[in-house]
Amino acid sequence: MTSGRQRRRVVPDYMAAARLTVPEHIDVERTTLVYIAPDAATNGLDPPGSHLLALLQDGPLSVYECAAHLGLPYCVVRLLVAGLVGSGTLLTRNPPVATSLPDIEILELVLSGLRAL
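Residues numbered from 1 in each chain as written. Predicted model: local features only at pLDDT ≥ 70, side-chain atom pairs only at ≥ 80, totals over all residues. Heavy atoms only, no water.

K.L.:
Just checking my understanding: could you explain the overall build of the protein chain for this structure?
P.N.:
In terms of helices and strands, the protein chain carries five helices and three strands. In the protein chain, the order of α-helices and β-strands from amino to carboxyl end is α-β-α-β-α-α-β-α. Taken over 117 residues, the protein chain has a buried fraction of 24%. When contacts within the protein chain are restricted to residue pairs at least 6 apart in sequence, long-range pairs at least 24 apart make up 73% of them. Accessible area of the protein chain: about 8,700 Å², with a carbon and sulfur share of 56%. (Helix = DSSP H or I, 4+ residues; strand = E, 2+ residues; numbered from the N terminus. Buried < 20%, exposed > 50% of the residue type's maximum accessible area, 1.4 Å probe, protein only. Contact = heavy atoms within 4.5 Å. Areas by Shrake-Rupley, 256 points an atom, 1.4 Å probe, with all protein chains shown as cover.)

If you want it as structure tokens, here you go:
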């Protein structure tokens, strides 16, 4: 029996149409930088994948920035990126670790020097 209402799909259309194989272990986080692989095959991508590649033509972006520009939820873009990384279309790079960043005291000295100018 149905109550007269149409049943909503559990999976949104933009994910149901995706033809990507998502790896079991997803090593993509919010701050992971994403860029197009030099030998990327861009033929036959679904619309969200094509939009993501067009967005990355200008240079690498974080997964969170990609989600904001595409207007899609972060978790969807994370899966999309993971699938495209698995197919060899995209490459990722983790941002620098806090231990490899400059010392805060040095940055404060530079800032105070700039303010003195």
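K.L.:
Would you explain the packing of helix H2 (residues 47-55) against helix H4 (residues 74-86) in this entry?
P.N.:
Any two packed helices are characterised by the angle at which their axes cross and by the distance between the axes. Between H2 and H4, the shortest axis-to-axis distance is 11 Å and the interhelical angle comes to 80°. Classified by the angle between their axes, H2 and H4 sit roughly perpendicular to one another. When H2 is examined against H4, the residues Pro48, Gly49 and Leu52 are found in contact with a partner set consisting of Leu80, Val81 and Leu84. Of the residues assigned to the contact of H2 with H4, the class counts are five nonpolar, one polar and no charged. (Axes fitted to C-alpha atoms, helices over the stretch in contact; angles between N-to-C directions. Parallel < 35°, antiparallel > 145°, perpendicular 65-115°, else oblique. Nonpolar A, V, L, I, M, F, W, Y, C, P; charged D, E, K, R; others polar.)

K.L.:
I would appreciate a short explanation of the sheet that holds strand S3 (residues 90-93) in the present structure.
P.N.:
Note: strands within a sheet are paired through backbone hydrogen bonds, in either parallel or antiparallel orientation. If you walk across this open sheet you meet the three strands as S2-S1-S3, and the pairing is antiparallel. Two strands in the sheet have a free side with no partner beyond their single neighbour: strand S2 (61-62) and S3. (Pairing = 2+ DSSP bridges.)

K.L.:
Please explain the pattern of salt bridges as it appears in this structure.
P.N.:
Close approach of charged atoms lets side chains of opposite charge pair. Throughout the structure, instances matching the rule amount to one salt bridge. Residue Arg78 pairs with Glu29 through a salt bridge whose shortest N-O separation is 3.6 Å. Placement of Arg78 in helix H4 and of Glu29 in the loop between helix H1 (13-16) and strand S1 (33-36) is noted, with a sequence separation of 49 residues between them. When its relative accessible area of 24% is taken as the criterion, Arg78 is described as partly exposed. (Salt bridge = Lys/Arg side-chain N within 4 Å of Asp/Glu carboxyl O.)

K.L.:
Explain the packing of aromatic side chains to me, please; I cannot follow it from the model alone.
P.N.:
The way to describe two aromatic rings as a pair is by their centre distance and the angle between their planes. Here the structure, examined in full by the defined rule, presents one aromatic pair. Over the ring of Tyr74 we find Arg30, and its NZ or CZ is 4.7 Å from the ring centre. (Phe/Tyr/Trp six-rings, centres within 6.5 Å; stacked < 30°, edge-to-face > 60°. Lys NZ or Arg CZ within 6 Å of the ring centre and 35° of its normal.)

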